[in-house]
Amino acid sequence: MYVFNFYPTHNHRHKSIDFKSDVDDLGFMRPWSPIEESGCQKQYETWYAAYLPIVVRRRCRWEKENPRRNSHLLQRFVRKGIPHTFRKELWLRSCPSRKDGVWERHEVPDEVIKQIKLDLPRTFPDNKFLKTEKTRKTLGRALFAVAEHIPSVGYCQGLNFVAGIILLVVNDEARAIDLLVHLVSQRQDYYGKNMIGLRRDMHVLHSLLREHCPRVVVTLEKLDVGLDMLVGKWFVCWFVESLPMETVLRLWDCMIYEGDEWLFKVAVTLFRSNMIAISSCETIDQLMTEIQNIGTSKAALYCHQLILKSAALPITNKSIEYLRVDAEKAIPE
């Protein structure tokens, strides 16, 4: 599900969406496009009317306060949204360059190259920019770089969507690849044959849900279903293809600046917001349907409120690390 990403101006009189354009600024089909036929124009118009003033106001504050030069302000400003004009700069702020020899090069197996090639045309196939042959080759080079520099990862399905978003936002092949390799290297144990990091963090998420929304855990245990099957994709793809695009970008703003705690914060907030529907499930099929519905829920669409609610949760990188230690003891090799 792709919610359009928009680049607002200072025109405060602009209160509605340009419905004449079927494609958004990142090249995705708008939800009300005749081609999309989603029938959700009113829903997104309502959201947009509420969200646009927030975005315009935040951009004015960024330009007035310039938190990029004030570390005391920056965290609060990042959590309230990075304007598109500063997003590339902030995402790349702590990203090393491959030119500096940070990552070694390794031979990439032919099987990995084959898997990458197979997934190139499957990566946002309707995106205006990513469906061109030139951009697909760029995407292929980005995924090859991950396999070349992080052989333990090689290639994992889902990384193609992550790479696609980074290429669209950064719009600079060399630096986009630097960022992709940097971010994947920080979470490389999510991928690979055993996906040990993903299994560990699903255990951590289960512990957090037990604390913050125990009714969900009761349902999970009653139906004997694991979180890896239900929401493993959330962590593998960092919520791409699971949440609206603007929500993903806002989440990534926080994750890139503050770390993995934001994957857990948002996951817990989404479960809490949909707790009644989830806890009423009597079968695994019902549960899976409700989990899929989270991506189209009001809680997922209203990204500003989602981020603010998530920020209020007492979940920190330090507390995550403590839980990870316990989880590593509990999960089988």
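For clarity, every value in this text was computed on a predicted model and none was experimentally measured. Each chain has its residues counted from 1, running along the sequence as written. Selection of residues for local features in this predicted model requires a pLDDT of at least 70, selection of side-chain atom pairs for listing and counting requires 80 or more, and totals for whole chains, interfaces and linings are taken over all residues. With hydrogens and water excluded, all non-hydrogen atoms of the structure serve as input to the side-chain values.

On domain assignment, one finds that the chain holds domain 1 (17-81), domain 2 (110-190) and domain 3 (196-330). Computed from C-alpha atoms alone, the centre-to-centre distance between domain 2 and domain 3 is 24 Å. Each side of the interface is counted separately: domain 2 has 14 residues, and domain 3 has 20 residues. When two components associate, each loses some accessible surface as probed by a 1.4 Å sphere; the sum of these losses over both components is called the buried area. When the buried area of domain 2 at its contact with domain 3 is split by residue, Arg187, Asp189 and Tyr190 rank highest and sum to 46% of it. The working definition used for a salt bridge is a side-chain nitrogen of Lys or Arg within 4 Å of a carboxyl oxygen of Asp or Glu. Inspection of the domain 2/domain 3 interface yields two salt bridges. No other element matches the five residues that helix H6 (residues 159-170) contributes to the side of domain 2 that touches domain 3. Of the residues belonging to the side of domain 2 that touches domain 3, the class tally is ten nonpolar, two polar and two charged. All the domain ranges listed were derived from an automatic or database domain assignment. Any pair of residues with heavy atoms lying within 4.5 Å of one another is described as a contacting pair. In this text, helices come from DSSP runs of H or I with a minimum length of four residues, and strands from runs of E with a minimum of two, each type numbered from the N-terminal end. By the convention adopted, Pro, Cys, Tyr, Trp, Phe, Met, Ile, Leu, Val and Ala count as nonpolar, Lys, Arg, Asp and Glu as charged, and the other residues, Gly among them, as polar.

With that settled, the discussion passes to a nonpolar patch on the surface. Taken together, the side chains of Met229, Ile284 and Met288 present a nonpolar region at the surface, about 230 Å² in accessible area. Along the chain, Met288 falls in helix H14 (residues 284-294). The residues that make up patches have over 30% relative accessible area and no salt bridge, and they are joined within 9 Å when like-charged or within 5 Å when they are Val, Leu, Ile, Met, Phe, Trp or Tyr. In short, Shrake-Rupley with a 1.4 Å probe defines the accessible areas, and a residue's cover is counted only from the protein chains shown.

To continue, consider the packing of aromatic side chains. Side-chain rings of Phe, Tyr and Trp, where Trp is taken by its six-membered ring, are said to pair if the distance between their centres is within 6.5 Å; with planes under 30 degrees apart they count as stacked, over 60 as edge-to-face, and otherwise as tilted. This model, assessed by the stated rule, comprises 13 aromatic pairs. With 6.2 Å between their ring centres and 50° between their planes, Tyr190 and Phe235 make a pair best called tilted. In this pair, Tyr190 is assigned in the loop between helix H7 (173-186) and helix H8 (196-212) and Phe235 in helix H10 (residues 227-236), connecting sequence segments 45 residues apart. For the pair shown, Tyr190 and Phe235 are each scored as buried. Through successive ring pairs, a cluster of aromatic residues spans Tyr190, Tyr191, Trp234, Phe235, Phe239, Phe264 and Phe271. Just above the ring of Trp238 sits the side chain of Arg187; from NZ or CZ to the centre is 5.3 Å. Only protein chains enter the calculation, and the probe is 1.4 Å; a residue is then buried if its accessible area is under 20% of its type maximum, exposed if over 50%, and partly exposed in between. Counting as a charge over the ring demands two things of the Lys NZ or Arg CZ atom: a distance within 6 Å of the ring centre and an angle within 35 degrees of the ring normal.

Let us look at empty space enclosed by the protein. Only protein atoms enter the 1 Å grid, on which a cavity is a set of points fitting a 1.4 Å probe that cannot get out and a pocket is an open set with protein on both sides within 12 Å along at least 5 of 7 lines, lining residues being those with an atom within 4 Å of a point. Grid points are joined across faces, edges and corners, and a volume is the space filled by probe spheres set on the points. Using the criterion set out here, one finds two cavities of 30 Å³ or more in the structure. Approximately 30 Å³ is the volume attributed to the second largest cavity. What lines the second largest cavity is simply Trp47, Ala50, Tyr51, Ile54, Tyr302 and Gln305. Among the elements that line the lining of the second largest cavity, the one with the most residues is helix H1 (residues 41-65), at four residues. Looking at the lining of the second largest cavity residue by residue, the classes come out as five nonpolar, one polar and no charged.

A few words now on the side chain of His182. Relative to the assigned elements, His182 resides in helix H7. Its relative accessible area of 15% is what places His182 among the buried residues. Apart from the residues lying within four places of it in its own chain, the contact partners of His182 are Ser94, Cys95, Pro96 and Trp103.

Notably, Phe124 is not glycine yet its phi reads approximately 40°, a positive angle. Within the secondary structure, Phe124 sits in the loop between helix H4 (110-119) and helix H5 (133-149). A relative accessible area of 1% places Phe124 in the buried class. Unusually for a residue other than glycine, Glu241 sits at a positive phi of about 75°. Mapped onto the secondary structure, Glu241 falls in the loop between H10 and helix H11 (245-258).

Of all ten residues making up H10, seven are buried, and the element is well covered by its neighbours. Turning to H10, its buried residues number three or more, namely Leu227, Leu230, Val231, Gly232, Trp234, Phe235 and Val236.

With that settled, the discussion passes to the nonpolar core. Nonpolar core, defined: a set of buried Ala, Val, Leu, Ile, Met, Phe, Trp, Tyr and Cys residues in which side-chain atoms within 4.5 Å join the residues together. Counting residues in each nonpolar core, the largest one holds 92 residues, and the members touching the most others are Leu205, Leu209, Trp234, Phe235, Phe239, Trp252 and Phe271. Element by element, the count of residues in this core is highest for H6, at ten residues. Mapping this core onto the domain boundaries places at least three of its residues in each of domain 2 (110-190) and domain 3 (196-330). If we skip the residues at most four places from it in the chain, Trp252 touches Trp91, Val162, Ile165, Ile166, Cys237, Trp238 and Val240.

This brings us to the pattern of salt bridges. If you walk through the whole model with that rule in mind, you get 19 salt bridges. We note a salt bridge from Arg105 to Glu148, for which the minimum N-O separation is 2.9 Å. In this pair, Arg105 sits in the loop between helix H3 (84-92) and H4 while Glu148 sits in helix H5, placing the two residues 43 residues apart along the sequence. Salt-bridge contacts for Asp201 lead to Arg324; the nearest nitrogen and oxygen are separated by 2.8 Å. Separated by 123 residues along the polypeptide, Asp201 in helix H8 and Arg324 in helix H17 (residues 317-330) bring together distant segments of the chain. Summarising the burial analysis for this pair, Asp201 and Arg324 share the class buried. One salt-bridge network, held together by shared partners, links Arg187, Asp189, Arg200, Asp201, Asp260, Glu321, Arg324 and Glu328.

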